[in-house]
Amino acid sequence: MKLLQRRTGEGKIVSVTINPPGPRGCTHPFCEGAVIPARLHCLEHATDSERNFAMTAITMGFIHDFSGVKFTADLFAAVRSASRLSLEAAQFEEAVFDAGADFSRFEFMGATSFKRARFGGVADFSGTRFRGGEVSFEGAQFEDACIFDGAAFSWNGATFPSHTVDPQAKSADFTRIKCKGEASFQKLWVAQNWVLTGAEIEGSLSGTAWCGGSMLLHKATLTKSVKLELDAAEVDCQAVTFGGQMALQLRNARLLLNDATLSAKSSVVYDEKRLQLPRSLPMPRGLAKPKLTGLRHVDTSHLMLIDLDLGSCHFADARNLDQLYHSGCEFEKPPRLSWAMGVIPIRPVRRDVLADERSPEVGRSTVASLYRQLRKGREDGKDEAGASGFYYGEMEMRRRRGARHTTTTERWILHSYWLMSGYGLRAMRALGWLHAAITATIILMMGAGLPNADPDQTVTGNMPPAGGQVELQVKTPDAKLTVPIRSRFTKKRANSALKVVLNSVVFRSSGQNLTTWGTYVEMASRFTEPLLLVLAGLAIHGRVKRG
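Values in this document were obtained by computation on a predicted structure and should not be read as measured data.

A. Spatial organisation of the overall build of the protein. When helices and strands are tallied, the protein shows 9 helices and 37 strands. Contacts in the protein between residues far apart in sequence, at least 24 positions, make up 40% of those at least 6 positions apart. As displayed, the protein offers around 28100 Å² of accessible surface, 53% of which is attributable to carbon and sulfur atoms.

B. Focus on the nonpolar core. Within the largest apolar cluster, 103 residues are counted, with the highest numbers of intra-cluster contacts made by Phe71, Phe92, Phe103 and Trp194. Looking at this core, the element that brings in the most residues is helix H3 (residues 364–380), giving 5 residues. Setting aside residues up to four positions removed in sequence, Trp194 forms contacts with Ala172, Phe174, Phe185, Leu188, Ala209, Cys211, Ser214, Met215, Leu216 and Leu230. Ile442, Met446, Val500 and Leu532 belong to the second-largest nonpolar core, a separate cluster that totals 13 residues.

C. Examining the sheet that holds strand S3 (residues 70–71) more closely. Across the sheet, which stays open at both edges, the 9 strands sit in the order S3-S5-S9-S13-S17-S20-S23-S26-S29 with parallel pairing between neighbours. Two strands close off the open sheet at either side, each with one partner strand: S3 and strand S29 (261–262). Judged from the 2 bridges that link them, strand S20 (residues 200–201) and strand S23 (residues 221–222) form a sheet pairing that is parallel. If you follow Glu200 over to S23, its bridge partner there is Thr221.

D. Molecular detail of the sheet that holds strand S8 (residues 112–113). Ordered in space as S8-S12-S16-S19-S22-S25-S28-S31, the 8 strands form an open sheet in which the pairing is parallel. Bordering the open sheet on either side are S8 and strand S31 (291–292), each of which pairs with just one other strand. Direction of pairing for strand S12 (residues 135–136) relative to strand S16 (residues 172–173): parallel, over a ladder of 2 bridges. From the neighbouring strand, Val135 faces S16, where its bridge partner is Ala172.

E. Summary view of the packing of aromatic side chains. In total, this model carries 43 aromatic pairs according to the counting rule given. Their ring planes at 15° and their centres at 5.6 Å tell us that Trp189 and Trp210 sit as a pair that is stacked. Here Trp189, found in strand S18 (residues 183–190), pairs with Trp210, found in strand S21 (residues 205–211); they are 21 residues apart in sequence, far enough to count as distant. Trp210 matches Trp189 in its accessibility class, with the two residues each being buried. The ring centre of Trp418 lies 4.2 Å from the NZ or CZ of Arg399, which sits over that ring.

F. How the structure looks around the packing of helix H5 (residues 408–421) against helix H6 (residues 427–449). Put simply, H5 and H6 touch, their axes get as near as 6 Å, and they point 90° apart. Between H5 and H6, the angle is such that the two are roughly perpendicular. Of the residues in H6, those touching H5 at Trp418, Leu419, Met420 and Ser421 are Arg429, Ala430 and Trp433. Here the contact of H5 with H6 is composed, by residue class, of 5 nonpolar, 1 polar and 1 charged.

G. Spotlight on the side chain of Glu234. By the secondary structure assignment, Glu234 is in strand S25 (residues 234–236). One polar contact links Glu234 to Arg254, side chain to side chain, over a distance of 2.6 Å. If near-sequence neighbours (up to four positions away) are discounted, Glu234 is found in contact with Gly213, Ser214, Met215, Arg254 and Leu256.

H. Up close: H5. Taking 1.5 Å per residue, 14 residues should reach 20 Å; H5 reaches 20 Å between its end C-alpha atoms and fits that length. Of the positions making up H5, those classed as buried are Arg411, Leu414, His415, Trp418 and Ser421. The first or second residue beyond H5 is Gly422, which carries a positive phi of 60°.

I. Structural view of helix H1 (residues 48–60). Its 13 residues give H1 an end-to-end C-alpha distance of 19 Å, which sits within 8% of 18 Å, the value for a rise of 1.5 Å per residue. Buried residues of H1: Glu50, Ala54, Met55, Ala57 and Ile58, and no others. Looking down the long axis of H1, one finds its buried residues gathered within 165° of arc, a one-sided arrangement. Those residues of H1 that are exposed and angled more than 90 degrees off the buried face are Asp48, Ser49, Asn52 and Met60. Once H1 ends, the next one or two residues include Gly61, with phi positive near 85°.

J. Just the confidence of the model for the protein, in detail. Chain-level pLDDT for the protein is 80 on average; 80% of the residues reach the 70-or-more range. Between residues 14–23, whose pLDDT stays under 50, and residues either more than four places distant or in other chains, the model counts 30 contacts. Scored below 50 in pLDDT, residues 157–164 shows 11 contacts in the model against residues more than four places distant or in partner chains.

K. Structural context of unusual backbone geometry. Not every positive phi belongs to a glycine, and Glu94 is a case in point at roughly 60°. Here Glu94 falls in the partly exposed class, since its relative accessible area comes to 31%. Of note, the phi angle at Lys219 is positive, near 60°, even though the residue is not glycine. Following the sequence through the fold, Lys219 ends up in the loop between strand S22 (214–216) and S23.

L. Region of the structure containing the state of the cysteines. With the rule as written, the count across this model stands at 0 disulfides. With no disulfide of its own, Cys179 lies 3.8 Å from the sulfur of Cys146, the closest cysteine sulfur.

M. Seen up close, empty space enclosed by the protein. Counted by the stated rule, this structure contains 1 cavity of 30 Å³ or more. Looking at the largest cavity, its volume works out to about 50 Å³. Around the largest cavity, the lining residues are Ala34, Val35, Ile36, Pro37, Leu43, Ile63, Asp65, Phe66 and Val69.

N. How the structure looks around the pattern of salt bridges. As enumerated under the stated definition, the model contains 22 salt bridges in all. The partner of Arg116 in a salt bridge is Glu94, and the shortest N-O contact between them spans 3.1 Å. Residue Arg116 is located in the loop between S8 and strand S9 (118–119), and its partner Glu94 is located in the loop between strand S4 (86–88) and strand S5 (96–97); the two are separated by 22 residues in the primary sequence. Where Asp322 meets Lys376, a salt bridge forms, and the shortest distance between an N and an O atom there is 3.8 Å. Of this pair, Asp322 sits in the loop between strand S32 (303–306) and strand S33 (325–327) while Lys376 sits in helix H3, placing them 54 residues apart in sequence. Because the salt bridges share partners, they merge into one network encompassing Arg351, Glu357, Glu396, Arg399 and Arg400.

Calculation rules
Residues numbered from 1 in each chain as written. Predicted model: local features only at pLDDT ≥ 70, side-chain atom pairs only at ≥ 80, totals over all residues. Heavy atoms only, no water. Helix = DSSP H or I, 4+ residues; strand = E, 2+ residues; numbered from the N terminus. Contact = heavy atoms within 4.5 Å. Areas by Shrake-Rupley, 256 points an atom, 1.4 Å probe, with all protein chains shown as cover. Core = buried A, V, L, I, M, F, W, Y, C linked by side-chain atoms within 4.5 Å. Buried < 20%, exposed > 50% of the residue type's maximum accessible area, 1.4 Å probe, protein only. Pairing = 2+ DSSP bridges. Phe/Tyr/Trp six-rings, centres within 6.5 Å; stacked < 30°, edge-to-face > 60°. Lys NZ or Arg CZ within 6 Å of the ring centre and 35° of its normal. Axes fitted to C-alpha atoms, helices over the stretch in contact; angles between N-to-C directions. Parallel < 35°, antiparallel > 145°, perpendicular 65-115°, else oblique. Nonpolar A, V, L, I, M, F, W, Y, C, P; charged D, E, K, R; others polar. Polar contact = N/O pair within 3.5 Å; in protein donor to acceptor, adjacent residues only side chain to side chain. Expected span 1.5 Å × (residues − 1). Arc of directions from axis to C-beta. pLDDT = per-residue confidence, 0-100. Disulfide = S-S within 2.5 Å. 1 Å grid on protein atoms, 1.4 Å probe; cavity = no way out; pocket = protein on both sides within 12 Å on 5 of 7 lines; lining within 4 Å. Points joined across faces, edges and corners; volume = space filled by probe spheres on them. Salt bridge = Lys/Arg side-chain N within 4 Å of Asp/Glu carboxyl O.

Quick look at the structure:
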């Protein structure tokens, strides 16, 4: 501000205060508006002749900078009419639209900026085309609804480029925008990245969008409901605060949800249908299940996951996993070959494997707890098949080395339980062991357990010389096996051995005379074979129940 003084013809001193021009050149006191080229004022403070000149220049495409201009409803209507719905390299940084702005069906060529612009009413960008450059709404404030239905960012009217999308490039930048009304992005098309990082939207957020790159919502605050249908390479919802219900329908995307706050019922669903966008907008990707990468520090009690790829999802540090609902999701599968006790090659059971199981940063006991919580959730949902898979994983973690709360004795018991019946879940394994035990018992009985023949009983006693009571003793001699080995494996002896074994399976004594070795074999079979039969029965019952 500058103070000038001058003396009038009557000798009086008159003081005149002259305010300096604004930073963009407008000579109106403290005005922030960009000056009209070759003139002294911005559009807001222009004289009639300056404004007429400006409208002609806008029509001819010579004026691009509207930064800091305060648009009334009449002034914006005049600019919209003069522009013929087309502007090149338009700059609306820190512009103010008191009554909102209707940019519907506009076409912006080159880089376009609405950084820190403020919309006092509805901001309508329906059907707008932003061609060939970055578009930024960073720090913009919307006092009412903002509508971007049918907008396309960096669309050039040709086939989508085949080169790799730059993860740092921003086609549509809405960083730290503040919207007090509804935000709508229906049928949106973005060539590279759609950025809403740090956005604060007090109304509902809805949209249907295709992104060539990523959709970034990192650290955004969304007060009311969110409903988005997205086809993108990545969707970053880390540290997002969802104040209302959240519904995401995704295709192809890699979803990051760590540290998100879910305050109400939320769902993430794979949608197999292609987005319904105008045919002129290219969508070169096919359809694939979205991948959820992690739920660290997320309260999953309100979360529902449908048909997602959870093979790379880390569940460690998630809260209330037992209340997580998931259906049709795919987990990682074990390798085709592993080693039992480090020496026996086996084909692992086909089951659902958590990514945390293969992470060196997560301990066995922690992974067992994750499996336990997921199993409980499946059991509460009456999903026996899903629960059994997680139960198997829990027992595997307890059996392996590194589980802090499993003693050596418990680990050996678990090894035996796993080896005999797959923790009571693998019927064929238990039946296989039962068959092997019966076969081995029959062979041992034929080879060492059955005697040559049933020994004859002998009766001995003493006859008193003068008569009287006779005392007799009946003895059965020890069963002996003396026949040659080749003669022991006959059909008759096999039939006798089979009777002994079948009685042992049902925990009964056959009454067959046996050698000493045969007695011990029968005792062992009467313990092991009924146990294997019970384990097989439990596994079959579980298989039938899982349906």
